[in-house]
Amino acid sequence: MMPTKVTIPVPSKDPKKKEEENPEQDAKTATAKKIKDEEKEGEDLSEEDLQLKNELEMLIERLREPNTELYRPALETLRTLIRTSTSSMTSVPKPLKFLHPHYPGLQALYETWPPSEDKSLFADILSVLAMTYSDTQPRGTLRYRLLSASLRPASSPLSEPGSWGHEYVRHLAAELGEEYNSREFDEEGIEKMSEENKVPGTVDDLRSLAVECATFLLHHNAEPDAVDLLEELEIVDRIVDLVDENTYERVCQYMIRCVNLLPPPDDISFLRTAHKIYAKHNKFPQALSLSIRLGDPELIRKDFYAPANPAMKKQLAFLLARAQVPKEWLETPTEDGMDDGESELPEDLVECLSNTRLSSQFKEFGKELNVLEPKSLEDVYKSHLENTRPTTTVDSAKANLAGTFVNAFVNAGFGNDKLMAKAEEGNSWVYKNKDHGMLSAAASLGLSLLWDTDEGLSQVDRYTYSSEEYIKAGALLATGILNTGVRTEADAALALLGEYVENKSVPLKTSAIVGLGLAYAGSQREDVMQLLLPYVADDSLSMEIASLASLALGFIYVGSGNGEIASTILQTLMERDDKQLDEKWARYMVLGLALLYLGLQDASDATIATLKAIEHQISQLAVVVVDMCSFAGTGNVLKVQELLHCCDEHIEKAPKEKKDDKDTTPEEPPKDDTFQTFAVIGIALVAMGEDIGAEMSLRQFNHLMHYGEPVIRKAVPLALGLVSASNPQLPIMDTLSKYSHDSDLQVALNAIFAMGLIGAGTNNARLAQMLRQLAGYYYKEPDCLFMVRIAQGLVHMGKGTLTINPFWNDRTIMSRTAVAGLLATLTAFTDAKGFILDKYHWMLYFLVPSMYPRFLMTLDEDLNNISVSVRVGQAVDVVGQAGKPRTISGFQTHSTPVRLGTTERAELATEEYIPFAHVLEGFVILQKNPGWESEDKMDI
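Predicted model only: the values in this text are computed from it and were never measured.

### So, the overall build of the protein
Here is step 1: For the protein, the helix and strand inventory stands at 46 helices and 11 strands.
Here is step 2: Burial analysis of the protein (940 residues in total) assigns 56% to the buried set.
Here is step 3: Of the roughly 41,400 Å² that the protein leaves accessible, carbon and sulfur atoms contribute 51%.

### Observations concerning the packing of aromatic side chains
Here is step 1: Across all of its chains, the model carries 26 aromatic pairs by this definition.
Here is step 2: Aromatic side chains Phe-753 and Phe-829 sit 3.8 Å apart centroid to centroid with 15 degrees between the ring planes, which places their arrangement in the stacked category. Residue Phe-753 is found in helix H43 (residues 745-758), and its partner Phe-829 is found in helix H46 (residues 816-829); the two are separated by 76 residues along the sequence.
Here is step 3: For Phe-753, a relative accessible area of 1% corresponds to the buried category.
Here is step 4: The side chain of Lys-119 reaches across the aromatic face of Tyr-110, ending 4.6 Å from its centre.
Here is step 5: Sitting over the ring of Tyr-144, Arg-143 keeps its end group 4.9 Å from the ring centre.

### Here's the deal with the packing of helix H31 (residues 563-575) against helix H34 (residues 605-612)
For any two helices packed against each other, one specifies the inter-axial angle together with the distance between the axes.
Here is step 1: Between H31 and H34, the least distance of the axes is 11 Å, while the angle of their chain directions is 10 degrees. The angle between the axes of H31 and H34 places the two elements in the roughly parallel class. Contacts from Leu-570, Leu-573 and Met-574 of H31 reach H34 at Thr-607, Thr-610 and Leu-611.
Here is step 2: Class assignment for the residues of the contact of H31 with H34 results in 4 nonpolar, 2 polar and no charged.

### Observations concerning the environment of Pro-717
Here is step 1: Locating Pro-717 in the fold gives a position in helix H41 (residues 716-723).
Here is step 2: Setting aside residues no more than four positions away along its own chain, Pro-717 makes contact with Leu-736, Tyr-739, Val-747, Asn-750, Ala-751 and Ala-754.

### What to know about empty space enclosed by the protein
A water-sized probe rolled over the atoms picks out the places where empty space is left.
Here is step 1: What the rule picks out here adds up to 5 cavities of 30 Å³ or more.
Here is step 2: The computed volume of the largest cavity comes to approximately 440 Å³.
Here is step 3: Lining the largest cavity are 29 residues; nearest its centre among them are Arg-322, Trp-808, Asn-809, Glu-921 and Gly-922.
Here is step 4: Of all the secondary structure elements, the ones that give two or more residues to the lining of the largest cavity are helix H18 (310-322), strand S2 (807-808), strand S4 (852-853) and strand S11 (922-928).
Here is step 5: For the lining of the largest cavity, the element with the highest residue contribution is H18, accounting for 4 residues.
Here is step 6: Contributing to the lining of the second largest cavity are 13 residues, with Gln-324, Gly-485, Pro-849, Met-851 and Tyr-852 lying nearest its centre.

Cut-offs and rules
- Residues numbered from 1 in each chain as written.
- Predicted model: local features only at pLDDT ≥ 70, side-chain atom pairs only at ≥ 80, totals over all residues.
- Heavy atoms only, no water.
- Helix = DSSP H or I, 4+ residues; strand = E, 2+ residues; numbered from the N terminus.
- Buried < 20%, exposed > 50% of the residue type's maximum accessible area, 1.4 Å probe, protein only.
- Areas by Shrake-Rupley, 256 points an atom, 1.4 Å probe, with all protein chains shown as cover.
- Phe/Tyr/Trp six-rings, centres within 6.5 Å; stacked < 30°, edge-to-face > 60°.
- Lys NZ or Arg CZ within 6 Å of the ring centre and 35° of its normal.
- Axes fitted to C-alpha atoms, helices over the stretch in contact; angles between N-to-C directions.
- Parallel < 35°, antiparallel > 145°, perpendicular 65-115°, else oblique.
- Contact = heavy atoms within 4.5 Å.
- Nonpolar A, V, L, I, M, F, W, Y, C, P; charged D, E, K, R; others polar.
- 1 Å grid on protein atoms, 1.4 Å probe; cavity = no way out; pocket = protein on both sides within 12 Å on 5 of 7 lines; lining within 4 Å.
- Points joined across faces, edges and corners; volume = space filled by probe spheres on them.

This is the structure we're talking about:
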């Protein structure tokens, strides 16, 4: 029975097929038949739907009749029916559903009509119907829309695309992007392309249509779509004229968040466009913060002088001081006679710009938080909790040296530590160290008195007369450290250190050079450059002095792209002997060059090309370092990939057979693979600007740690420390904890230091516990124990009030001086044995430019502290979300001044005051809200 059952249905299907093939010649009967079939199936159509369906079919018949009088009313009725059809989000509108089968017939009919306004209206309707055929006939909607527009007389333009509804505009926007891209790809054959695709119109037509769509999208809360559309057609700058006071804020926020994900030069154009919008709407702090990101002196000056309100000017001055923007940028360079009045800034503004209040406010903040009391070393080590055996053979000089740094970092900025600043006469900690230890000990005074230029100089002064060379050198370094980030009228640092730069003694010379670099970091001071440049160029000087001078210039001119310094360093790299370039110091010379291009992206191309021409192997290291600095914090994926490629080369350590080949081969290996160390740090440097990239980089580091050469493995912990500085995330903490017990001591050492970096200034209890365990674990390894102590000092830095994270202003602006400080410190750890554990432990003070208080201080318009209640919670990314979602989660209410964690954000709890700044961080000036009434307190 089975086979017969199977054979019966086959013939029954065959005749059907033949029937379908026959009427294909006559399209009309085919559609009529289809309609009948549909009616049979669609018995369940409601009466209304049937009526609508019949009406639509009647209108289509009208268009087929020869009487042209009937066309216009029929088309208008069709248009009205389509427009007025409401549909739920999930179903296709009824008229489109019923007209779908007629679309090919209508297309053929359209071609037969002569050009007229009616034909334009017909094209407009076909454009809407084409949405249902987008998979088989791409870009139909756009094609008919443009045809329809071209058939219109100029006097009566086509109706807005928005009149067909939101879905139509989205469809059109998508097709505009596709069409524009397909045109871009071959510029010569635009005509040929348009014949194939039948999409008429020039690129300008596409763009003007895009602007119409964007206007509609902006008015209907689809700001991201509008920005994306204009970006795709490369006219994102036109959005400035389309936004109004209701939409500009959301547009700018979206654009600023996109910057990290865009390839250059789009990222810069986005920042500039957002800046224009903010400037147009008089949002001065937002505009200025974007000018700072762009690093454009012209824009910064314009933004600074834009507001007339003196309190707003002070707020902007605080922003510029935090960004370490050179004061000279605000002076008007041209027509000196004209702008005299403007260039002389009032004293209170100069005070805000020079950051001179930082020290007193920081101490005030410490007082509020109850941490003014100095901490002793034991308070930090808590060695009674370590489970060490009492019989320890600790190198006491090393222990004292560690104590120097811990004391300096923990009491930084408070100026009252017991070992140095407030030590009794002759009982100073300096004398508990020997030789180069004294240098670091004397310099630690500068860190304790950080930012306090008046008190600091008088304290340091007494050590400058010491007969002991190292103490004198330390005092010079201290002078540089305490002036970091603060500009004074007196210019004491240059006056005191300038004369020592010429000194014959190497410690005095290097301390003075580094001191100047720290004191003027980011200031781009011409006079300091003239003082230091000769030391870079002079071939007779040791590599140490030349490299440190180069680094100091890198600090002072960070991110400036200064050609004079760059060419001098390049010249030196070309002229020095190979033997000198093999020294460990060469990496600092290269870093000095790289810092000039920090964050400048493509501006370093010429320099990189020149570096490739250097015959010595240092060229490979230099190219990597300059390249990674140029793209620091941009999150540029292609750069990360390039740097990963550098890491996958396996470098053979000079095989024995080659010895007779060349004399230089024995010298090659030590230099050869340093570039890989920097490539690893470079991955972190590029990725840290953007959260997703930073998270993805962690996985790459994991792979590098598993499969990399020793030179790569020792750099991985440093990269982890950089990617999340002052931001102790659990996974990173655990990873570093694992690496800190590594069998390779160099890896362990760097991992311990990185634990200090990620916890810097956080007082993180878990990290403190881990470090105490490590102190017990390494009690016989003086080097590692020294590092554990340093890390403990970093974790409790400033008693938990400081940060070294280079991103501020709600983690949007990267502080270039802070990155420079971090990189210089990490560079010392690329060869810890040669620098930090040898006699250059003072290099730990390179961290100073990146140290900054993490507070929120609220001031009134006369800059007196006022206490207001604020909510502090974890920052939530709300860009592109509908409505007004909460920007912080899990908040607590405090009264200012408050301490903000790296990922935290603050907002005012009441509307009693209006802040001048858009981000509550650092110094914020408040103004009384005139409409505020104290009695209507809301219970939250």
